[in-house]
Amino acid sequence: MHTGREARRLGDVPPARALFALGEHARFERPRFDKLACRRQPERGLKIARFIGEMFSIVRNLIADRIIDTERSFRGTLLGFRHGVDITRLLREVAIRMGDAELLAFCDSWMERRLPLVHDAERQLAWFAEVPKRALQSGMHAALAPR
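**So, the overall build of the chain**
Across its full length, the chain holds eight helices and zero strands. When its helices and strands are written in sequence order, the chain yields α-α-α-α-α-α-α-α. Taken across its 147 residues, the chain has 37% of its residues classed as buried. Counting contacts in the chain only where the partners sit at least 6 residues apart, residues at least 24 apart contribute 75% of the total. Counting only carbon and sulfur atoms, one obtains 64% of the accessible surface of the chain, whose full area is about 8900 Å².

And the structure:
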């Protein structure tokens, strides 16, 4: 959800395209993850966790991303991707210890697809150096600026 907002705010530029690719990957993988997660986590627990995540995303969208500059907001989004990679690495270790081959396979395939996308987004930081005026604009200014 947040990735798409951030990408739309940036417009049709390389960092936004990297964010869209990450968002597409997440949408593709979510049903597979949900199926695996529901085996061990009650549906209600997943709904509560998603609700909390969505609330954080809404607050970030309405307040923080509109106040800080676009480059800093992009870096904050990158931190979220790195967090997801770290969590998946931990989940992979849990799967090994539990002997859960299906979860292990999911983590491995997820990482195989996700890491190149995250690395591409990290490389897009250079774009902000090329357009410093745009990088320093607030999220609100960037959202209102003509493309």
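**Side note on a nonpolar patch on the surface**
Taken together, the side chains of Leu-90, Val-94 and Met-98 make up a nonpolar region of the molecular surface, amounting to roughly 260 Å² of accessible area. Following the sequence through the fold, Met-98 ends up in helix H4 (residues 70-98). The partly exposed category is assigned to Met-98, whose relative accessible area is 43%.

**Quick word on the packing of H4 against helix H5 (residues 101-123)**
Interhelical geometry of H4 versus H5 gives an angle of 160° and a closest axis separation of 10 Å. Here H4 lies roughly antiparallel to H5, going by the angle between them. For the pair H4 and H5, the crossing hand works out as left-handed. Residues Phe-74, Leu-78, Phe-81, Arg-82, Gly-84, Val-85, Thr-88, Arg-89, Leu-91, Arg-92, Ala-95 and Ile-96 of H4 pack against Leu-103, Leu-104, Cys-107, Asp-108, Trp-110, Met-111, Arg-114, Leu-115, Val-118, Ala-121 and Glu-122 of H5. Of the residues in the contact of H4 with H5, the class split is 15 nonpolar, two polar and six charged.

**Details of the nonpolar core**
Counting 22 residues, the largest nonpolar core has Leu-10, Leu-19, Phe-74, Phe-81 and Ala-121 as its most contacted members. At the level of elements, helix H1 (2-10), helix H2 (14-40), H4, H5 and helix H6 (125-130) are the ones that each hand at least two residues to this core. Per element, the largest residue contribution to this core is seven residues, and it comes from H5. With near-sequence residues (within four places) excluded, Phe-81 lies in contact with Thr-3, Leu-19, Leu-22, Arg-114 and Val-118.

**A closer look at H2**
Since one α-helical turn is 3.6 residues long, residues separated by three or four positions face the same way. Here H2 contains 27 residues, and its C-alpha end-to-end distance of 39 Å stays within 8% of the 39 Å for a straight helix at 1.5 Å per residue. At Glu-29, H2 shows its strongest bend, of approximately 40°, with the proline Pro-31 following within four residues. Inspection of H2 places Pro-15, Ala-16, Ala-18, Leu-19, Leu-22, Gly-23, His-25, Glu-29, Asp-34, Leu-36 and Ala-37 among the buried residues, and these make up the whole buried set.

**Some points on the packing of aromatic side chains**
Applying the stated criterion across every chain, the model contains three aromatic pairs. A ring pair is formed by Phe-74 and Phe-128, whose centres lie 5.2 Å apart and whose planes are at 45°; its orientation type is tilted. One end of the pair, Phe-74, is in helix H4; the other, Phe-128, is in helix H6, with 54 residues separating them in the sequence. Phe-128 matches Phe-74 in its accessibility class, with the two residues each being buried. Ring centres of Trp-127 and Phe-128 lie 5.0 Å apart, and the angle between their planes is 85°; this geometry places the pair in the edge-to-face category. You can call Trp-127 buried: its relative accessible area is 11%. Residue classification places Phe-128 among the buried positions, given a relative accessible area of 4%. Here the aromatic residues Phe-74, Trp-127 and Phe-128 are joined through ring pairs into a cluster of three or more.

Reading the values: the criteria
- Residues numbered from 1 in each chain as written.
- Predicted model: local features only at pLDDT ≥ 70, side-chain atom pairs only at ≥ 80, totals over all residues.
- Heavy atoms only, no water.
- Helix = DSSP H or I, 4+ residues; strand = E, 2+ residues; numbered from the N terminus.
- Buried < 20%, exposed > 50% of the residue type's maximum accessible area, 1.4 Å probe, protein only.
- Contact = heavy atoms within 4.5 Å.
- Areas by Shrake-Rupley, 256 points an atom, 1.4 Å probe, with all protein chains shown as cover.
- Patch = residues over 30% accessible without salt bridge, like charges linked within 9 Å, V, L, I, M, F, W, Y side chains within 5 Å.
- Salt bridge = Lys/Arg side-chain N within 4 Å of Asp/Glu carboxyl O.
- Axes fitted to C-alpha atoms, helices over the stretch in contact; angles between N-to-C directions.
- Parallel < 35°, antiparallel > 145°, perpendicular 65-115°, else oblique.
- Left-handed = near helix turned anticlockwise from the far one by under 90°.
- Nonpolar A, V, L, I, M, F, W, Y, C, P; charged D, E, K, R; others polar.
- Core = buried A, V, L, I, M, F, W, Y, C linked by side-chain atoms within 4.5 Å.
- Expected span 1.5 Å × (residues − 1).
- Bend = angle between axes of the 7 residues up to and from the residue.
- Phe/Tyr/Trp six-rings, centres within 6.5 Å; stacked < 30°, edge-to-face > 60°.

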